[in-house]
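Chain by chain, the residues:
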Amino acid sequence: MEPEFFEQLAMPLFDQLYNLAHWLTGDRADAEDLVQETYAKSLKGFRSFQQGTNLRAWMYRILRNTFHTSRTGLAAQNTSSIEEEEAQGTSVTAHTITPELLLLQQEGQQTVLDALAALPVAYREIILLSEVEEFSYREIAQILDVPIGTVMSRLSRARTALRRPQKANMLERSIDADTL
Amino acid sequence: MPIPCDQNPITLASYLDGELPPDQIPAMHEHIATCPQCASEIAELTSLKSSLRAARGHHTPTLEFRKKLQQQIAPPRRPRPNMLRFIPVALALAAMLLLAFTWTQHSRRQDAFSEVADLHVNALASTNPLDVISTDRHTVKPWFQGRIPFSFNVPELTGSEFTLLGGRVVYLHQQPGAQLIVAMRQHKISVLIFQASSGQALPFPVSTEASGHNAFTVETWQSNGLRFLVIGDVDATEIERLAQSLKQANS
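Residues numbered from 1 in each chain as written. Chains lettered and ligands numbered in written order. Predicted model: local features only at pLDDT ≥ 70, side-chain atom pairs only at ≥ 80, totals over all residues. Heavy atoms only, no water.

(A) Representation of the confidence of the model for chain A within the structure. Mean pLDDT over chain A works out to 78, with 71% of the residues at or above the 70 mark. Here residues 79–95 of chain A is modelled with pLDDT under 50, and outside its nearest four sequence neighbours on either side it reaches 22 contacts, counting other chains as well. (pLDDT = per-residue confidence, 0-100. Contact = heavy atoms within 4.5 Å.)

(B) Representation of empty space enclosed by the protein in the model. Residue and element names in this part refer to chain B. Tallied over the entire structure, the rule returns three cavities of 30 Å³ or more. Empty space within the largest cavity amounts to approximately 50 Å³. Lining the largest cavity, in full, are Lys141, Phe144, Gln145, Ile148, Phe150, Ser151 and Phe152. Classifying every residue of the lining of the largest cavity by side-chain character gives four nonpolar, two polar and one charged. (1 Å grid on protein atoms, 1.4 Å probe; cavity = no way out; pocket = protein on both sides within 12 Å on 5 of 7 lines; lining within 4 Å. Points joined across faces, edges and corners; volume = space filled by probe spheres on them. Nonpolar A, V, L, I, M, F, W, Y, C, P; charged D, E, K, R; others polar.)

(C) Inspection of unusual backbone geometry at higher detail. Positive phi outside glycine occurs at A:Asp145, with the angle close to 60°. Locating A:Asp145 in the fold gives a position in the loop between α8 (137–144) and α9 (148–179). Under the relative-accessibility criterion, A:Asp145 is labelled exposed at 58%. At B:Asn224, a residue that is not glycine, the phi angle is positive and equals roughly 50°. Tracing the backbone shows B:Asn224 in the loop between β6 (216–223) and β7 (226–232). (Helix = DSSP H or I, 4+ residues; strand = E, 2+ residues; numbered from the N terminus. Buried < 20%, exposed > 50% of the residue type's maximum accessible area, 1.4 Å probe, protein only.)

(D) Representation of the pairing of β6(B) within the structure. All names here are of chain B. Among the eight residues that make up β6, seven are buried, leaving the element largely enclosed by the rest of the structure. Pairing of β6 with β7 involves seven bridges; the strand directions are antiparallel. Note that in β7 the partner of Trp221 across the bridge is Phe228. From the end of β6 to the start of β7, which pair antiparallel, there are two residues, and Asn224 there has a positive phi angle of about 50°. (Pairing = 2+ DSSP bridges.)

(E) Main features of the pattern of salt bridges. In this structure the tally under the stated criterion is 15 salt bridges over all chains. Residue A:Glu37 is joined to A:Lys41 by a salt bridge in which the shortest nitrogen-to-oxygen separation is 3.8 Å. Of this pair, A:Glu37 and A:Lys41 both sit in helix α3 (residues 28–45), four residues apart, which is roughly one turn of that helix. Residue B:Arg56 is joined to A:Glu134 by a salt bridge in which the shortest nitrogen-to-oxygen separation is 3.6 Å. Of the two residues, B:Arg56 sits in the loop between α3 (36–52) and α4 (63–73) while A:Glu134 sits in the loop between α7 (121–132) and α8, which places them in two different chains. Residue A:Glu134 is classed as exposed on the basis of its relative accessible area of 56%. (Salt bridge = Lys/Arg side-chain N within 4 Å of Asp/Glu carboxyl O.)

(F) View of the interface of chain A and chain B. At the interface, 45 residues of chain A touch 32 residues of chain B. When chain A packs against chain B, the two sides together hide about 3,600 Å² of surface, and 59% of this comes from carbon and sulfur. Run the count over chain A and chain B and you get six salt bridges. The partner of A:Asp15 in a salt bridge is B:Arg66, and the shortest N-O contact between them spans 2.8 Å. Between the two partners, chain A and chain B, sit 17 residue pairs in polar contact (both at pLDDT 80 or more). (Buried area = accessible area lost by both parts, 1.4 Å probe. Polar contact = N/O pair within 3.5 Å; in protein donor to acceptor, adjacent residues only side chain to side chain.)

(G) Local environment of α8(A). Residue and element names in this part refer to chain A. Counting buried positions along α8 gives six out of eight residues, so the element sits mostly inside the fold. For α8, every residue scored as buried is listed here: Tyr137, Glu139, Ile140, Ala141, Ile143 and Leu144. Of the residues one or two after α8, Asp145 is the one with positive phi, at around 60°.

What follows is the structure, given as structure tokens:
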């Protein structure tokens, strides 16, 4: 009965966990290993998992800790990996947007995604947990095992780092426009 | 000279993340409205947020991996025989649903016939029963042009027991339609014509059908995207005869 119950609760998180794992590891094979290990650990620990607590935050915590103790995780603490995959399926469908604006937006989006992939892992994970997984500050503090104040300041620094390339990109564009 | 803003950027971000205590939100609204620095900061953070939305579901797992993982956490189980005992329950439930559906359809149809009967009675009871008074089909048909969004043919009734009296515009379920009043001796018969395809379909059977309702006889059919209804207190055979001539004119 227990594995079935676990499957019901944990499988809906599969796609999200994989997305985060891939963003963290920057590699499909490593992401699969990470997700697999996360599920194995959570299934084993499910007995001790207390009902009524946040299963989603709990599984993210396992994934994140597993990543940081893994080979790729340890390597990522020092170097930053570059994501080479193309952004695909960006679905911007507001009809008031002109093609030029749409192109600008998509380029801006790509710049941000590239910057995200290049971000040091401590900042990358906090941005992903906040902006992509939409965890609250309190949940992020639980997952990372840090005080809420640290969550806020680290998130702020991560955003500043992400906005730098975006601004550089805009600046470049305005220079291009001037010289033309 | 603009006053430098002492707002903490972390507080601004908390506001945007929905993490600001509710009692501080009104003050923040007020501040942003008057501080261009903070307004532009908020705009930049918002644009960053929307760009980061693309990271959501950016990487998707393969189907093979999903299957592999699913097997790992929940090995395939033998189908449990006790599932069989739910079959009678499911069957009973399905039967009940079917019954409820049929009954609903039936009552919807009855309601629709009542509305048609209302239109008919209303026209006869009115002091101005007709918008266009003419026994000539060549006057009645063009009169409807521009008043209803479709066109239809009026059969030649001269020489038959039916006399065309005229017509008017009516509405059924917010759809405009034509109502022709045809006299037969002292009886009056309504011919109602609506578009069959537009929007919500009128809940009438698709096939030709004559049925009695409140001592009225109704015959309805569909042709060339139009729904025809003939209703009156005369015999079903006479309704049928009028319907036939309408069908011929509009086939």
